[in-house]
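Summary of the model geometry
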Amino acid sequence: MNIGIIAHNSKRILIEDFCIAYKTMLSRHDIYATGTTGRRIEAAANLHVHKFLPGSIGGDKQFMEMIERNAMDMVILFYNPNMVDPQDPDIAGIIRVCDLNSIPVATNIATAEMLILGLDRGDLDWRMSLNSESGYMI
């Protein structure tokens, strides 16, 4: 499955720790991330990450395009709701396209852990059948 990961600057250590903790589960899937987050995940957890541009220069739009094509199966998006920075990715836009395409999205550590554990149990296998029915194979 394709897992998308984005983290604001203030949440990068948290996403690194998350990826280290769930490295075994994540290694069985394709990980996509905006540029800086992807590089940090690769360095911290030694996982292969397909990297988009940095979020501030279009990576968030590349990320959303993949979601709009229904090519992302799950999104982990750690952000700080108390900090608004124009350099940060378009959080509301990413959540909106996930909702429009029925793609599970976690915006905090609690929901991220529930999604990753559910993924490991097979709770998201419905995404594979959905994608095969639509003719889009991931």
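Let me sum up the structure you'll find in this document. (Residues numbered from 1 in each chain as written. Predicted model: local features only at pLDDT ≥ 70, side-chain atom pairs only at ≥ 80, totals over all residues. Heavy atoms only, no water.)

**Points about the pattern of salt bridges**
Taken as a whole and assessed by the stated rule, the structure comprises 5 salt bridges. Close ionic contact of Lys51 with Glu42 constitutes a salt bridge, the shortest N to O distance being 3.0 Å. Owing to a relative accessible area of 38%, Lys51 belongs among the partly exposed residues under this scheme. Looking at Glu42, the relative accessible area reads 23%, which means it is partly exposed. Note that Lys61 and Asp60 form a salt bridge whose closest N and O atoms lie 3.9 Å from each other. Note on Asp60: relative accessible area 4%, which makes it buried. (Salt bridge = Lys/Arg side-chain N within 4 Å of Asp/Glu carboxyl O. Buried < 20%, exposed > 50% of the residue type's maximum accessible area, 1.4 Å probe, protein only.)

**What to know about the sheet that holds strand S1 (residues 2–7)**
Taken in spatial order, the 5 strands of this open sheet run S3-S2-S1-S4-S5, and their pairing is parallel. The strands lining the two open edges of the sheet, one partner per strand, are strand S3 (49–51) and strand S5 (105–106). With 4 bridges connecting them, S1 and strand S2 (residues 30–33) associate as parallel partners. Its bridge partner being in S2, Ile5 is matched across the sheet by Ala33. Along the sheet face, helix H1 (residues 12–21) touches S1 and strand S4 (74–78) and points at about 140 degrees away from the line of S4. (Pairing = 2+ DSSP bridges. Helix = DSSP H or I, 4+ residues; strand = E, 2+ residues; numbered from the N terminus. Contact = heavy atoms within 4.5 Å. Axes fitted to C-alpha atoms, helices over the stretch in contact; angles between N-to-C directions.)

**Points about the packing of H1 against helix H3 (residues 35–45)**
Viewed as axis vectors pointing N to C, H1 and H3 meet at an angle of 45 degrees, and their least axial separation amounts to 9 Å. By the angle between their axes, H1 is oblique relative to H3. Every pair of crossing elements has a handedness; the one defined by H1 and H3 is right-handed. Contacts between H1 and H3 pair Arg12, Ile13, Ile15, Glu16, Cys19 and Ile20 from the former with Thr36, Thr37, Arg40, Ile41, Ala44 and Ala45 from the latter. Taken together, the residues of the contact of H1 with H3 break down into 7 nonpolar, 2 polar and 3 charged. (Parallel < 35°, antiparallel > 145°, perpendicular 65-115°, else oblique. Left-handed = near helix turned anticlockwise from the far one by under 90°. Nonpolar A, V, L, I, M, F, W, Y, C, P; charged D, E, K, R; others polar.)

**Some details on the packing of aromatic side chains**
Per the stated rule, a full pass over the model turns up 4 aromatic pairs. Centre to centre, the rings of Phe18 and Tyr22 are 5.0 Å apart; their planes meet at 45 degrees, and the pair counts as tilted. On the numbers, 6.1 Å between centres and 25 degrees between planes, the contact of Tyr32 with Phe52 is stacked. Highlighted residues: Tyr32 in strand S2 and Phe52 in the loop between S3 and helix H4 (59–68), separated in sequence by 20 residues. The two residues Tyr32 and Phe52 agree in class, both being buried. (Phe/Tyr/Trp six-rings, centres within 6.5 Å; stacked < 30°, edge-to-face > 60°.)

**A few points about unusual backbone geometry**
Although it is not a glycine, Asn70 adopts a positive phi angle of roughly 65 degrees. Along the chain, Asn70 falls in the loop between H4 and S4. On the basis of relative accessibility, which here comes to 15%, the residue Asn70 falls in the buried class. Despite not being glycine, Ser102 has its phi angle at roughly 55 degrees, a positive value. Tracing the chain through its elements places Ser102 in the loop between helix H5 (91–100) and S5. Residue class for Ser102 comes out partly exposed when judged on its relative accessible area of 47%.

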